[in-house]
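Examination of the molecular architecture
This is what each chain is made of:
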Amino acid sequence: MTQRTFSFEFFPPKTPEGADKLRGVRARLATVNPEFFSVTFGAGGSTREGTLATVLEIHAEGRPVAPHISCIGSTRASVRELLQRYRAAGIRRLVALRGDLPSGAAGGAGDFRYANELVEFIRTETGDWFHVEVAAYPEYHPQARSPAEDLANFVRKVRAGADSAITQYFYNSDAYFRFVDDVAALGCTVPIVPGIMPITNYAQLARFSDACGAEIPRWIRKRLESFGDDRESIRAFGLDVVTDLCEQVLAVDAPGLHFYTMNQAEPTLAIWQRLGLPAG
Ligand code: FAD
């Protein structure tokens with residue numbers, strides 16, 4: 001069996017109360033010993049300081065942490081500076097992304113167009129210091145010209161120096177299996193860890209899914225809609241569906257799970273317990 005990597009993603013809190021809450025969430029999630037925590041980064045550097053502060057705080061607690069870095073709208077100099085700060089702090093893992101500029105923002109302002117350029121830059125600047133993760137899209141990236149081009153772009157990004165990948169969330173395991181097979185057929189065998197989004201809030205999930213192109217299958221959508229404001233039923237149904245999904249991918253030897261925690265401990269821990277994963 002493959003060595004599995006379990007990881008938990010946070011976004012940088014915007015307020016002192018949010019930061020306090022995240023400390024508690026992190027302490028609870030740390031009890032199951034994830035391989036690492038990761039912290040997202042707003043495109044164009046909008047959360048730069050928040051990401052940096054959260055990452056350094058987690059690192060200072062002695063917990064492995066991977067900052068996300070997005071490159072769109074950034075200059076080489078600003079990315080270089082960030083890499084140097086993380087390296088000097090002793091951070092060893094990054095999640096390297098293109099990112100999305102807010103609609104209406106000028107697109108040509110930065111030095112990078114695609115994530116493969118960022119991965120290449122990280123390798124040129126810092127050699128093998130960082131373990132570099134990249135993003136993968138089992139249901140294809142919404143801007144991809146075709147599935148075949150998206151797969152080729154993914155492979156190019158890996159060949160630029162990525163060690164492993166984390167997927168966009170999905171609720172259809174066949175899309176993930178097919179993606180992994182198609183990438184392998186192109187000669188690329190890095191671990192591709194499924195990204196898992198617990199279901200707790202239907203309106204929010206539907207909004208995210210529309211934006212990022214992750215499909216909520218009709219039967220799940222219908223059931224969730226039918227619960228209306230009944231959060232307890234949404235939570236219970238979501239727990240069943242997402243636990244089944246995790247079981248399906250782990251049964252076929254997925255190299256781990258990456259949870260989009262949305263800065264909450266309970267939904268992820270509930271899935272963890274249902275899966276019978278080690279309590280720590
Ligand atoms: P790329 O790999 O650059 O791909 C973007 C598009 O361009 C695709 O359609 C691809 O087919 C195409 N493409 C790629 N390379 C080329 C090329 N050389 N020539 C022509 N076309 C090309 N966003 C954030 O802002 N902050 C985050 O912290 C963040 N974390 C994420 C974590 C994960 C695990 C995932 C899955 C996504 C995350 N995102 C984050 C979202 C991500 O930034 C967006 O999905 C973004 O639109 C694409 O980023 P990418 O790195 O996948 O881009």
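As the structure is a prediction and not an experimental result, all values here were calculated from the model.

Points about the overall build of the chain
Helices and strands together make up the secondary structure of the chain, namely 10 helices and 8 strands. Taking 19 Å as the expected radius of gyration for a compact globule of 280 residues, we find that the chain reaches 18 Å, a close match to that expectation. Referenced to the eigenvectors of the C-alpha coordinate spread, the extents of the chain come out at roughly 50 × 45 × 45 Å. Sequence-distant contacts in the chain: of pairs separated by 6 or more residues, those separated by 24 or more amount to 79%.

Some details on the side chain of S7
By the element assignment, S7 lies in strand 1 (residues 5-10). The class of S7 is buried, set by a relative accessible area of 1%. A distance of 2.7 Å separates the side chain of S7 from the side chain of H258, its partner in a polar contact. Ignoring any residue separated from it by four or fewer positions in sequence, one finds S7 in contact with P34, F36, L257, H258 and F259.

Details of the site of the ligand
Surrounding the ligand, one finds 24 residues, the nearest of these being F41, D100, Y137, H141 and D150. Residue G99 places a main-chain N or O atom 3.0 Å away from an oxygen atom belonging to the ligand. Look at the ligand: alone it shows 970 Å² of surface, and the protein chains cover 85% of it. Contributions of two or more residues to the shell around the ligand are made by helix 4 (115-126), helix 5 (147-159) and strand 6 (164-169).

A few points about the pattern of salt bridges
Counted under the stated rule, the structure contains 21 salt bridges. Close ionic contact of D100 with R98 constitutes a salt bridge, the shortest N to O distance being 2.9 Å. You can call R98 buried: its relative accessible area is 18%. We note a salt bridge from E117 to R113, for which the minimum N-O separation is 2.9 Å. Under the relative-accessibility criterion, R113 is labelled exposed at 56%. Linked through salt bridges whose partners overlap, the residues forming this network are D20, R23, R26, E57, E61 and R63.

As for the sheet that holds strand 5 (residues 131-136)
Strands pair in a sheet through their backbones, by hydrogen bonds, and they do so in one of two ways: parallel or antiparallel. With parallel pairing, 8 strands are arranged side by side around a closed barrel as 1-2-3-4-5-6-7-8. Looking at each pair of strands side by side, their axes are set apart by 25° on average, direction ignored. Relative to strand 2 (residues 36-39), strand 1 runs parallel, the two being bridged by 4 bridges. Bridging across to strand 2, S7 finds its partner in F36. Of the strands in this sheet, strand 1 and strand 8 (256-260) touch helix 10 (residues 266-275), which is tilted by about 155° from strand 8.

So, the packing of aromatic side chains
A ring pair, where both rings are aromatic, is described by two values, the distance of the centres and the angle of the planes. Applying the stated criterion across every chain, the model contains 13 aromatic pairs. Judged by centre distance (5.2 Å) and plane angle (75°), the ring pair of F6 and W272 falls under edge-to-face. Note that F6 is positioned in strand 1 and W272 in helix 10, a separation of 266 residues in sequence. The pair formed by F6 and W272 is uniform in burial state, with each residue classed as buried. Ring geometry for W219 against F237: centres 6.2 Å apart, planes inclined by 90°, an arrangement best described as edge-to-face. With a gap of 18 residues between them, W219 in helix 8 (residues 218-226) and F237 in helix 9 (residues 231-251) connect regions that are remote in the sequence.

Details of unusual backbone geometry
Backbone geometry at N33 places phi at a positive 55°, although glycine is not the residue there. Note that N33 resides in the loop between helix 1 (16-30) and strand 2. Of note in the backbone geometry, D253 takes a positive phi value of approximately 70° without being a glycine. Along the chain, the position of D253 falls in the loop between helix 9 and strand 8. Overall, D253 belongs to the partly exposed group, its relative accessible area being 35%.

Rules of the game
- Residues numbered from 1 in each chain as written.
- Predicted model: local features only at pLDDT ≥ 70, side-chain atom pairs only at ≥ 80, totals over all residues.
- Heavy atoms only, no water.
- Helix = DSSP H or I, 4+ residues; strand = E, 2+ residues; numbered from the N terminus.
- Rg over C-alpha atoms; globule rule 2.2 N^0.38 Å.
- Contact = heavy atoms within 4.5 Å.
- Buried < 20%, exposed > 50% of the residue type's maximum accessible area, 1.4 Å probe, protein only.
- Polar contact = N/O pair within 3.5 Å; in protein donor to acceptor, adjacent residues only side chain to side chain.
- Near = heavy atom within 4 Å.
- Areas by Shrake-Rupley, 256 points an atom, 1.4 Å probe, with all protein chains shown as cover.
- Salt bridge = Lys/Arg side-chain N within 4 Å of Asp/Glu carboxyl O.
- Pairing = 2+ DSSP bridges.
- Axes fitted to C-alpha atoms, helices over the stretch in contact; angles between N-to-C directions.
- Phe/Tyr/Trp six-rings, centres within 6.5 Å; stacked < 30°, edge-to-face > 60°.

It is worth stressing that arrangement in space is one thing and function is another; only the former is reported here.
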